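# Chain and residue survey
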Amino acid sequence: MKGPRFPGGRASRRTEHVTDTRRALMEAARTLFAERGYAATGTEDIVGAARVTRGALYHHFRDKADLFRAVMAECAQEMAERLVEQETRRAEAHPGDAWQLLRSGFQSFLDACTDADFQRIVLIEGPAVLGHSAWDALVEQHGYLLLAEALTESIQEGRIEDLPVAPLTRMLAALISEASLYIARSEDTARAREEAGLVLDRMLAGLASPAVASGA
């Protein structure tokens, strides 16, 4: 007696296999790119670590650069989600001061810049392999909207001066980007993180409204 037939079973298994293969390639590439860097990692190293064929790699990605772009995007997405979750919890615990929460969020991002995978893949290898436009695109995707919203709220609360939000967002994003690259490229990451955080917060203090700056 034959068992029940499931029309979608074979297609479902095929989809799972495709997903598993892509996941294996991503995980292998991420580990190797973080450890060795892009230039020192060959496609043969990646397919060997992932235990798949070279054909499988080119089925999912155009080339090594395309695979790297996907890995970089994943690293950035994970970090963005982690920071948003962390800062959301902080905002729920300390409501009503968007500017202080934003300053704390900047410091949390600088802490994230010491994460090994994020530092090597996103901050160091990313601009070198894909150009600075790739990093700018990630900042725009994950940072501009949230930053603009926080700045708008800070202005409405009277915490910082009433400045045009669009250029302020861009300039602060550039400042944070340079701080992150300073940390990533330093031989003493811990010291660079401390210095960058100190300078960044001092510069942000200059945006405070006169009443806040005077302690009123």
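Residues numbered from 1 in each chain as written. Predicted model: local features only at pLDDT ≥ 70, side-chain atom pairs only at ≥ 80, totals over all residues. Heavy atoms only, no water.

### Some remarks on helix α2 (residues 43-50)
By the burial criterion, the buried members of α2 are T43, I46, V47 and A50. Buried residues of α2, viewed axially, fall in a sector of 90 degrees; they line one side. Looking at the residues trailing α2, positive phi occurs at R51, about 60 degrees. (Buried < 20%, exposed > 50% of the residue type's maximum accessible area, 1.4 Å probe, protein only. Helix = DSSP H or I, 4+ residues; strand = E, 2+ residues; numbered from the N terminus. Arc of directions from axis to C-beta.)

### As for the nonpolar core
I121 and V122 are the most contacted members of the largest nonpolar core, which totals 57 residues. Within the residue set of this core, elements represented by two or more residues are α1 (9-36), α2, α4 (64-93), α5 (98-112), α6 (116-130), α7 (132-156), α8 (165-185) and α9 (189-205). Apart from residues lying up to four places away in sequence, V122 is in contact with M72, C75, A76, D117, P127, W135 and L138. (Core = buried A, V, L, I, M, F, W, Y, C linked by side-chain atoms within 4.5 Å. Contact = heavy atoms within 4.5 Å.)

### A look at the packing of aromatic side chains
Evaluation of the coordinates by the stated rule reveals 4 aromatic pairs. Here F109 and F118 contribute two aromatic rings whose centre-to-centre distance is 6.2 Å and whose plane-to-plane angle is 85 degrees, an arrangement assigned as edge-to-face. By relative accessible area, which is 15% here, F109 ends up buried. Overall, the relative accessible area of 4% leaves F118 in the buried class. Connected via pairs of aromatic rings, a cluster forms that spans F33, Y38 and F68. (Phe/Tyr/Trp six-rings, centres within 6.5 Å; stacked < 30°, edge-to-face > 60°.)

### Quick word on the environment of Q156
By the element assignment, Q156 lies in helix α7. Among the residues examined, Q156 registers a relative accessible area of 64% and is labelled exposed. For the pair Q156 and H94, spaced 62 residues apart in the sequence, the C-alpha separation amounts to 17 Å.

### Digging into the pattern of salt bridges
Evaluated as defined, the whole model comprises 15 salt bridges. The residue R103 makes a salt bridge to D201 at a minimum N-O spacing of 2.9 Å. A residue pair is termed long-range when its members are at least 10 positions apart, and R103 in helix α5 and D201 in helix α9 qualify at 98 residues. Given the relative accessible area of 24%, D201 is considered partly exposed. A salt bridge links D111 to R193; the nearest nitrogen and oxygen atoms lie 2.7 Å apart. Taken together, the residues D111 in helix α5 and R193 in helix α9 connect sequence positions 82 residues apart. (Salt bridge = Lys/Arg side-chain N within 4 Å of Asp/Glu carboxyl O.)

### Topic: the state of the cysteines
The final tally for this structure, using the stated rule, is 0 disulfides. You can see C75 has no disulfide; the closest cysteine sulfur is in C113, sitting 13 Å from it. The exposure class of C75 is buried, given its relative accessible area of 3%. (Disulfide = S-S within 2.5 Å.)

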